[in-house]
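# Examination of the molecular architecture
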Protein chains: 2
Amino acid sequence: MKTLPNFLVERVRLTPNRVAVVKPNDEQCTFKELYDDVFQHAGRLSAIGISKGSHVAVLMSNSYEMIVTVHALHLIGAVIILMNTRLSQQEWEYQLEDSDTSYLLTNLRSDRFKNVKVYSFEELQTVTPNSFDIQKTVRSEDVATMMYTSGTTGAPKAVIQTYGNHWSSAIASMLNLGFKEDDAWLICLPMFHVGGLSTLYKSAIYGMKVVLVEKAEAQSIAKAVQTHQVTILSVVSKVLTDLVTLYTRKEYTHSLRCVLIGGGPAPLPLLKNSMEIKLPVYQTYGMTETCSQIVTLAPEYMLSKVGSAGTALYTCELKVLNQDKMASPNEIGEIVVKGPNVSKGYYKRESSSFNDGWLYTGDMGYVDEDGFLFVVDRRSDLIISGGENIYPAEIEEVLVAHKNVLEVGVTGKDDVKWGKVPVAFVVLHKNTTVSKEELQQFCKEKLASYKVPKEIYFVESLPRNAANKLLRRKLLELQPGEEK
Amino acid sequence: MKTLPNFLVERVRLTPNRVAVVKPNDEQCTFKELYDDVFQHAGRLSAIGISKGSHVAVLMSNSYEMIVTVHALHLIGAVIILMNTRLSQQEWEYQLEDSDTSYLLTNLRSDRFKNVKVYSFEELQTVTPNSFDIQKTVRSEDVATMMYTSGTTGAPKAVIQTYGNHWSSAIASMLNLGFKEDDAWLICLPMFHVGGLSTLYKSAIYGMKVVLVEKAEAQSIAKAVQTHQVTILSVVSKVLTDLVTLYTRKEYTHSLRCVLIGGGPAPLPLLKNSMEIKLPVYQTYGMTETCSQIVTLAPEYMLSKVGSAGTALYTCELKVLNQDKMASPNEIGEIVVKGPNVSKGYYKRESSSFNDGWLYTGDMGYVDEDGFLFVVDRRSDLIISGGENIYPAEIEEVLVAHKNVLEVGVTGKDDVKWGKVPVAFVVLHKNTTVSKEELQQFCKEKLASYKVPKEIYFVESLPRNAANKLLRRKLLELQPGEEK
Ligand SMILES: Nc1ncnc2c1ncn2[C@@H]1O[C@H](COP(=O)(O)O)[C@@H](O)[C@H]1O
Ligand SMILES: Nc1ncnc2c1ncn2[C@@H]1O[C@H](COP(=O)(O)O)[C@@H](O)[C@H]1O
Ligand SMILES: [Ca+2]
Ligand SMILES: [Ca+2]
């Protein structure tokens, strides 16, 4: 049994006066000040009944309040369910139910939920704090957080992330990127995703300043980078594209030593443009199940291996399997990974993705002669739209429930702004009609708006293989004016 | 069961082309080149019969050959017994026997040992390498190394150091000092002590250049610092004193961002002189049992807490006990520590120093209001002479075996050059005489020369307490011309 200290408690013991957070309004707070707020807030959460082991959902957008909430829950020893703020009511309710959650902490409207006790950050300010047992140490295998992700089958499932997973992820990243006392990491990825959340843990573990921004947009980011001498940044490709434009126009100067691009494929021209203006971009590969990056390009290979996601981090392993056999160099197969940052599995669900310590990612790629990974295809059928994952099966499930719809296939279509957007191909029941707008409205009631198909095509039949399995990759050929 | 990768194998996978070692002759080698040498050498060690679990003693002075030997033994999975090159034949033989060692690798004369197979680095060059199983992963709790240390009772005992201990030590240090790709750590502490050896592991784990010097003397060090842009240095106070003199005379410039001073008390004037010439000195406290530092001053407290050894590193704990009770701030008591870098105990020996995960160090100190440790007294009676530990009981045991000696007390006396030197107070059997020189010669045959008492005083009786226990602290009062 390995124990770990509470990340924040340990940090505040060592360097209480270092800056912990720069808030969106440019106000700074030290680790000691952060801890004081966290301790107070934990007392209030304890007063409303939250205790060690409670399942507590957090539905908040990036903010100092969210940081305080997350650390406060860890101080009590609650299990945190991070919920995506962009989902639909119905999706949230599914996650609350599935994760056996009893409390929901949110800074959105709070009167809409049943079966859970809902509190906003503001109303908690009026609660008198209780005394509680500070969880100064945790076991490495204790569950810290859960986040929902969908597989190809559609039903979202909660990825279990332990304290040991988060710790190992922070250490492995540090062994790749190093750490200097004057590093500052800007958080523009949502903290309800692991890419954003993991930076919060790194901040406490390293003693590192994090910088929050009002909006995850290039302009706000470039401004904050300049004002607060940001050195590290994790972004999705859409934001990077806009940033490169700003820096090319020389509107801002920057102190960045590392821009991590992950969460989806990074277009080669973007990587090259970035490098031309000396923006030190590192491609990285990871997923919710690996608690953020597991494969990242080491600094010295930025130029010679452009386009590669890199090698497995220190303590992590990577292999490519083709039909259950180790692929040769440059041979494409499924990416399979292992490491102390890899989740043990899904909450209350068996999954063949986890096997003997290895995670079968469903992503396709190859490793070159020098051991560098190139991701060639995303997890089967996954649509990544502006950094958010969309699983076709989820949308199909909703649409097929409409009384006039017989069958449906969803896939991603290229989009200048979002990378991909979902589009649906619908076969209606004989002698029925329904408008595109009506089906979109039908989706809107059940799905996050970014998941609502941007186009709906009515077709005669769907492409299927011999086993009658839907061939989503062939759907786009059904668009009016496309060649079969 | 937690596994760890072989530190070097993992590093060479990631950054094979970074410089790993700068040899004393200024030649550089990369991690890949180092690994090639290590792999070859491991093949030879395998050919002479060394295999996983073999107990192999290494009796070498700092050199590239020693680095290759240590890594090669880890590649095979042998347990390494690091032996101090300055000991006597008899002391070495005791350690070889006590540690159940079957192989001795040395670059000293090799014909003097019985019961172990002895090989010099040179003669191994002629051996044809065998194939062997590379230990790519180890269990965290596997024994990596053992080193001898003595307690107040005199019998040297082997401290067990696991892979997990070494790993945790490297990580905890990194979380304090940070790491930049261009860091270079100069090794001038002997690698048969944990202070030197631990830097070797850090090199592999961080991907960091280490710089070796021909001689652990200020001039060679200052020269190497300047030539190779060394950023981190661990030293004992004698070397630091000389370094400060050189830098005050402006004979050299330096790139140092951190000078760790440990292994013994750091005189306050020395710390202040260092700071005056902007040498960034950090006091640190640790011992063989904690696999190097466990308490170190964080960068930001260098000035405000000068003289303090700092706070327990991230993941480590520290408390001061006075009569089994937690001491109040500023109250002196025994220093008791805990952490993943702390040894599980001694080889084949029970010890009350290890209790419930805590190590009772025997050192005395206090913690101020802000939690900073001040070491006020060394492990009961320990004499530290030029960075080497001398245990009075060891010398007493030797002297009392002389036919004319009735009883003896040994203690440390201040010395300008070495900090302390051992001196002995001897009570002879009635009606016998023996010269100081004869007793020193008698010691020389059995003890490392730095342990031979510099002075021997013949006295009537020794100071003892009511329980008849020797009061070593009162010995110096017996010197001719001293006040009682
Ligand atoms: N560097 C990358 N290249 C291509 N796809 C990526 C990359 N990094 C992440 N992804 C995709 O994003 C998925 C993880 O999504 P998530 O769990 O939301 O972080 C992975 O399984 C991949 O399909
Ligand atoms: N900062 C320090 N101040 C005083 N004594 C120290 C300090 N660091 C180490 N020591 C002494 O050195 C011992 C460890 O010796 P060793 O096992 O050879 O490293 C400790 O138990 C202390 O007695
Ligand atoms: Ca994503
Ligand atoms: Ca020492």
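Residues numbered from 1 in each chain as written. Chains lettered and ligands numbered in written order. Predicted model: local features only at pLDDT ≥ 70, side-chain atom pairs only at ≥ 80, totals over all residues. Heavy atoms only, no water.

The name an unreviewed UniProt entry gives chain A is 2-succinylbenzoate--CoA ligase, with Gottfriedia endophytica as the organism. Heading Sequence similarities (unreviewed entry) of the UniProt record for chain A holds this comment: "Belongs to the ATP-dependent AMP-binding enzyme family. MenE subfamily." Recorded in UniProt under Catalytic activity (unreviewed entry), the annotation for chain A is "2-succinylbenzoate + ATP + CoA = 2-succinylbenzoyl-CoA + AMP + diphosphate". (UniProt positions renumbered as here; feature names shortened; annotations may be inferred.)

What follows is about the sheet that holds strand E14 (residues 258–261) of chain A. All names here are of chain A. If you walk across this open sheet you meet the nine strands as E3-E2-E12-E11-E13-E14-E15-E16-E17, and the pairing is mixed. Pairing within the sheet leaves two strands with one partner each, and these edge strands are strand E3 (28–30) and strand E17 (311–312). The pairing of strand E13 (residues 232–235) with E14 spans four bridges and is parallel. Within E14, the position partnered with Ile232 by the bridge is Cys258. Most of the contacts of helix H8 (residues 218–228) go to strand E11 (residues 184–187), to which it runs at about 160°, and overall it touches strand E2 (19–22), E3, E11, strand E12 (209–212) and E13. (Pairing = 2+ DSSP bridges. Helix = DSSP H or I, 4+ residues; strand = E, 2+ residues; numbered from the N terminus. Contact = heavy atoms within 4.5 Å. Axes fitted to C-alpha atoms, helices over the stretch in contact; angles between N-to-C directions.)

All names here are of chain A. A surface patch of nonpolar side chains, amounting to about 220 Å² of accessible area, comprises Ile332, Met364 and Val376. Looking at the element boundaries, Ile332 is found in the loop between strand E19 (325–326) and strand E20 (333–338). Residue Ile332 is classed as partly exposed on the basis of its relative accessible area, which comes to 41%. (Patch = residues over 30% accessible without salt bridge, like charges linked within 9 Å, V, L, I, M, F, W, Y side chains within 5 Å. Areas by Shrake-Rupley, 256 points an atom, 1.4 Å probe, with all protein chains shown as cover. Salt bridge = Lys/Arg side-chain N within 4 Å of Asp/Glu carboxyl O. Buried < 20%, exposed > 50% of the residue type's maximum accessible area, 1.4 Å probe, protein only.)

The next point concerns the pairing of strand E5 (residues 79–82) of chain A. Residue and element names in this part refer to chain A. Neither face of E5 is exposed, since Val79 and Ile81 on one face and Ile80 and Leu82 on the opposite face are all buried. Across four bridges, the pairing between strand E4 (residues 55–59) and E5 is parallel. Bridge pairing in E5 links Ala57 to Ile81. The parallel pair E4 and E5, bridged by helix H3 (residues 64–76), forms a crossover whose chirality is right-handed. Looking at chain direction, E5 and strand E9 (residues 143–149) are connected through three bridges and run parallel. Bridging from a neighbouring strand, Ile81 pairs with Met146 of E9. (Right-handed = clockwise from strand over helix to strand, strands pointing away.)

Taken together, the protein donors to the calcium ion (ligand 3) comprise Gly387 of chain A (O) and Asn389 of chain A (OD1), at separations of 3.2 Å. Using a relative accessible area of 25% as the deciding quantity, one classes Gly387 of chain A as partly exposed. (Donors = N, O, S within 2.8 Å, 3.2 Å for Na, K, Ca; no water.)

Here we take up helix H9 (residues 237–248) of chain B. Each α-helix winds once per 3.6 residues, and so residues spaced three or four apart point in a common direction. Residue and element names in this part refer to chain B. The end-to-end C-alpha separation of H9 is 16 Å, in line with the 16 Å expected for 12 residues at 1.5 Å each. Among all positions of H9, only Val239, Leu240, Leu243, Val244, Leu246 and Tyr247 are buried. Down the axis of H9, the sector holding all buried residues measures 160°, keeping them to one side. Buried residues along H9 sit in contact with helix H8 (218–228), strand E13 (232–235), strand E14 (258–261), helix H10 (268–276) and strand E15 (281–287). Trailing H9 by a residue or two, Lys250 shows a phi angle of about 60°, which is positive. (Expected span 1.5 Å × (residues − 1). Arc of directions from axis to C-beta.)

With that out of the way, let us pick up the packing of H8 of chain B against H9 of chain B. All names here are of chain B. The contact between H8 and H9 brings their axes to 9 Å, and the two run at 60°. Here H8 lies oblique to H9, going by the angle between them. Between H8 and H9 the crossing geometry is right-handed. Counted together, Ala218, Gln219, Ile221, Ala222 and Val225 of H8 and Val239, Asp242, Leu243, Leu246 and Tyr247 of H9 form the full contact between these two elements. Per-class residue counts for the contact of H8 with H9 are eight nonpolar, one polar and one charged. (Parallel < 35°, antiparallel > 145°, perpendicular 65-115°, else oblique. Left-handed = near helix turned anticlockwise from the far one by under 90°. Nonpolar A, V, L, I, M, F, W, Y, C, P; charged D, E, K, R; others polar.)

With that settled, consider the interface of chain A and chain B. Across the boundary between the two partners, chain A contributes 32 residues, which contact 32 residues of chain B. Summed over both partners, the interface of chain A with chain B comes to about 2,600 Å²; 56% of that surface belongs to carbon and sulfur atoms. When residues of chain A are sorted by the area they lose upon contact with chain B, Leu14, Leu175 and Tyr314 of chain A head the list and together hold 25% of the total. The interface formed by chain A and chain B holds two salt bridges in total. When the shortest N-O distance is used, the salt bridge between Arg18 of chain B and Glu300 of chain A registers 2.6 Å. Applying the counting criterion to the chain A and chain B interface returns 13 residue pairs in polar contact (both at pLDDT 80 or more). The set of elements that each furnish at least two residues to the side of chain A that touches chain B consists of helix H1 (7–14), helix H6 (163–177), helix H7 (194–206) and E17 of chain A. Here the side of chain A that touches chain B gets five residues from one element, more than from any other, and that element is H1 of chain A. Partitioning the side of chain A that touches chain B into residue classes produces 19 nonpolar, five polar and eight charged. (Buried area = accessible area lost by both parts, 1.4 Å probe. Polar contact = N/O pair within 3.5 Å; in protein donor to acceptor, adjacent residues only side chain to side chain.)

What follows covers the sheet that holds strand E10 (residues 157–162) of chain A. Neighbouring strands of a sheet are bound in pairs by backbone hydrogen bonds; such pairs are parallel or else antiparallel. Residues and elements named next belong to chain A. A sheet is described by the order of its strands in space; here six strands give the open sequence E7-E6-E4-E5-E9-E10, paired in mixed fashion. Looking at which strands have only one partner, the edges of the open sheet turn out to be strand E7 (117–120) and E10. The sheet shows a mean angle of 25° between the axes of neighbouring strands, taken without regard to direction. The sheet strands contacting H6 are E9 and E10, and the helix crosses E10 at an angle near 70°.

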